[in-house]
Structures are given as structure tokens and as C-alpha cells.
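Single-letter residue listing:
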Amino acid sequence: MQNVKLNCGIEMPIIGYGVYLVDPSVTERCVLEALSVGYRSLDTAQYYENEAMVGSAVRKSGIPRDEVFITSKLCQSRPTYAQAMENVKGSLRRMRLDYLDLMLIHWPMGNDSEIWAAFEDLVKEGYIRSIGVSNFYPAQFDKLVREASIIPAVNQIETHVFYQQRPMMAKMADAGTAVESWGPLAEGLNGIFTNPVLTEVGAAHGKSAAQVALRFLTQQGIIVIPKSVHKERMIQNLETLDFDLSQEEMAAIRSLDTGHNLEGWPSDALKYNPNTV
Ligand code: NAD
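Residues numbered from 1 in each chain as written. Predicted model: local features only at pLDDT ≥ 70, side-chain atom pairs only at ≥ 80, totals over all residues. Heavy atoms only, no water.

Undergrad: Explain the pairing of strand S6 (residues 100-105) residue by residue, including any values.
TA: Where burial is concerned, most of S6 is hidden: six out of the six residues are buried. Direction of pairing for strand S5 (residues 69-74) relative to S6: parallel, over a ladder of four bridges. In the strand pairing of S6, Ser72 is matched with Met103. Pairing of S6 with strand S7 (residues 128-134), which is carried by five bridges, proceeds in the parallel orientation. The partner of Leu100 across the bridge, within S7, is Ile128. Remark: the S6/helix H4 (residues 112-124)/S7 crossover connection has right-handed handedness. (Buried < 20%, exposed > 50% of the residue type's maximum accessible area, 1.4 Å probe, protein only. Helix = DSSP H or I, 4+ residues; strand = E, 2+ residues; numbered from the N terminus. Pairing = 2+ DSSP bridges. Right-handed = clockwise from strand over helix to strand, strands pointing away.)

And the structure:
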């Protein structure tokens, strides 16, 4: 597996397995399957209510803890410093883990610097190896960084062939923050799996449209965490680093960018962000 080196020096697999909307009753089975086919990075969140099953799957897999990169995300409305400290420890208790590899603020909460101060202390105390944000756009990102000691290692944002986030890519590269794509397969919407450009490019490489869509992102160094509850698709999504798209193919796929996300918001939208509007 290819890794991305985060700004804190830690290596994170460029492909991981996401579990948003994976029902808690099947999460353990899905994560065990994902680990068995080779995934070594898992993306959960307090909001998904399946953290515990992710933790139990890792233990049942028998894979040493330090060989699996585990991410979760804080979801709490404007927690104080003390509440944020306790909140993260709650994730660790639910997952029965000693530490998390990456903890994200799931979306801007309005008092992000206070939460971030807790995250920074949790890093110092060994509860979290790296810290980042999700759904942070320029205004919120800049505000956080102005008051931070640690620059976010990752910003997890909606990114796919239909919403390529080029301005954010440039901004995150300047900041030294890795971009992690959520919804790398556009959540299966917009006819992505039968898109003529992706299908034609895929045919030239013996790959599916889904595989081309993922390679388009990883070839730019973007971390992806596709979700599927089907083993054969989990495998398909992993087998995407063994081919390269040509400059012409990359350009053709760039033309699919609509400049707005799946809900039609422009890239500086305060999606999921009632506290800061
Ligand atoms: P996704 O883009 O990964 O698409 C998932 C859909 O594609 C599912 O319907 C699945 O059945 C289908 N699919 C997957 N692989 C396929 C294949 N090879 N061929 C055909 N169909 C395939 O959408 P997602 O789950 O929303 O995003 C991935 C992960 O990102 C989530 O699981 C979660 O971990 C994370 N996420 C984070 C946020 C956030 O706010 N930070 C928001 C949404 C998702």
C-alpha cells in the first residue's frame, strides 16, 4: 500500500475504508472483510454510531494494532476544552483502543480553536497520533491555523470527479495539510459508474469507471476512503494503484468538474455548519 506522509511525520495509507451509513449490525463483518482483503486504514466517526464495531473488528482480525490506521471524528456542538478532552476519550472507550491514529473535528463547530487546544494536548498525552479537520473551508481553516500550534495534518472534504476542489487543493498544499476525499465515488450519484469518460478511460486500462474515479484522486496524492459493503467492490477499490492515467486522460476527467458539490453548494459553502453562519 502506498502511504501519504502527513506533516507530523506519520504515514497514512492513501486508500482506506470508510463506514458512513454502514449499519452498526453489519459494520464488524464489513470491517473484518475490508481488513482481510488488505485495507489498513479505517474511517469512522462518532456521528456514524459504529465506532465500537470498528474497534471490535480490529481486535478480532488479529492484525497488530500498529498496522492499522484508525480515524474517528468529534461530533459535539461547541464542546468546551474539558468536554472535548472527555469526548475523544469516549471514542477510545467505545472502540476499546489506547490511541487513535487520526482524530478530526467533523465539521466547524464555531469554537474550533478551543476544541483544537484539547486535541493538541491529547496528542501530547499520547491519546492521538495526529489531528485534523473535516469540511473546513478557507475562512474556518485560516481562523483555526492562526491560533493553532499544530497545523492540521488532514482536511477531509467532499472531493470527486464532479467536484474536484482545485482551489482547496492549492490552499491545502500551501498549508502543508493533506487532502482526504470523502465521497470519492460521488456517493454513487450523478451516474458515475456509467459515465462515458470514465468508462472509456477504464476500458483502455482494463478497469471500471469506479476504479478510474479513485485513481484520478490518488494520482494527485489525495487520500481516498471509498465505502462498500460488498467484498468484491472493496477489492476493486483497492486495486487502483497498479495503473497510471496519462496527461490526456487526466485532462479529460478534469473536464467533468462541475465546480459545486452534490448538493449544489459552491466550495466555500458553510455546509453542516449552523454555528458559524
Ligand atoms: P462513496 O463515494 O464512497 O460511495 C459509496 C457508494 O458507491 C455506495 O453506494 C457503494 O455501494 C458504491 N460503490 C463503492 N464502490 C463501488 C464500486 N467499486 N463499484 C460500484 N459501486 C461502488 O461515498 P461515502 O460512503 O459517502 O464516502 C466514503 C467515506 O467518506 C464514508 O464512508 C465516510 O467514511 C466518509 N465521509 C465523510 C464525510 C464527512 O463529512 N467527513 C461525509 C461523507 C462521507
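Next comes the rest of the account.
Undergrad: Can you tell me about the side chain of Asp112, naming the residues and giving the values?
TA: Structurally, the position occupied by Asp112 is in helix H4. Although Asp112 lies buried, it forms no salt bridge, and the closest oppositely charged side chain, Lys143, sits 6.1 Å away as judged by the N-O distance. Sequence-distant contacts of Asp112, that is, excluding residues within four places in its chain, are made with Ile105, Trp107, Phe136 and Leu144. (Lys, Arg positive; Asp, Glu negative; His and termini not counted. Salt bridge = Lys/Arg side-chain N within 4 Å of Asp/Glu carboxyl O. Contact = heavy atoms within 4.5 Å.)

Undergrad: Let's hear about the site of the ligand: which residues, and what values?
TA: In the vicinity of the ligand lie 26 residues, with Asp43, Ser134, Gln156, Leu185 and Glu187 positioned nearest. Here a nitrogen atom of the ligand sits 2.8 Å away from a polar atom, N or O, in the side chain of Gln156. In the complex, 90% of the free accessible area of the ligand, which totals 840 Å², lies under the protein chains. Among the elements that line the shell around the ligand, the one with the most residues is helix H9 (residues 231-238), at three residues. Along the lines of polarity and charge, the residues of the shell around the ligand split into eleven nonpolar, ten polar and five charged. (Near = heavy atom within 4 Å. Polar contact = N/O pair within 3.5 Å; in protein donor to acceptor, adjacent residues only side chain to side chain. Areas by Shrake-Rupley, 256 points an atom, 1.4 Å probe, with all protein chains shown as cover. Nonpolar A, V, L, I, M, F, W, Y, C, P; charged D, E, K, R; others polar.)

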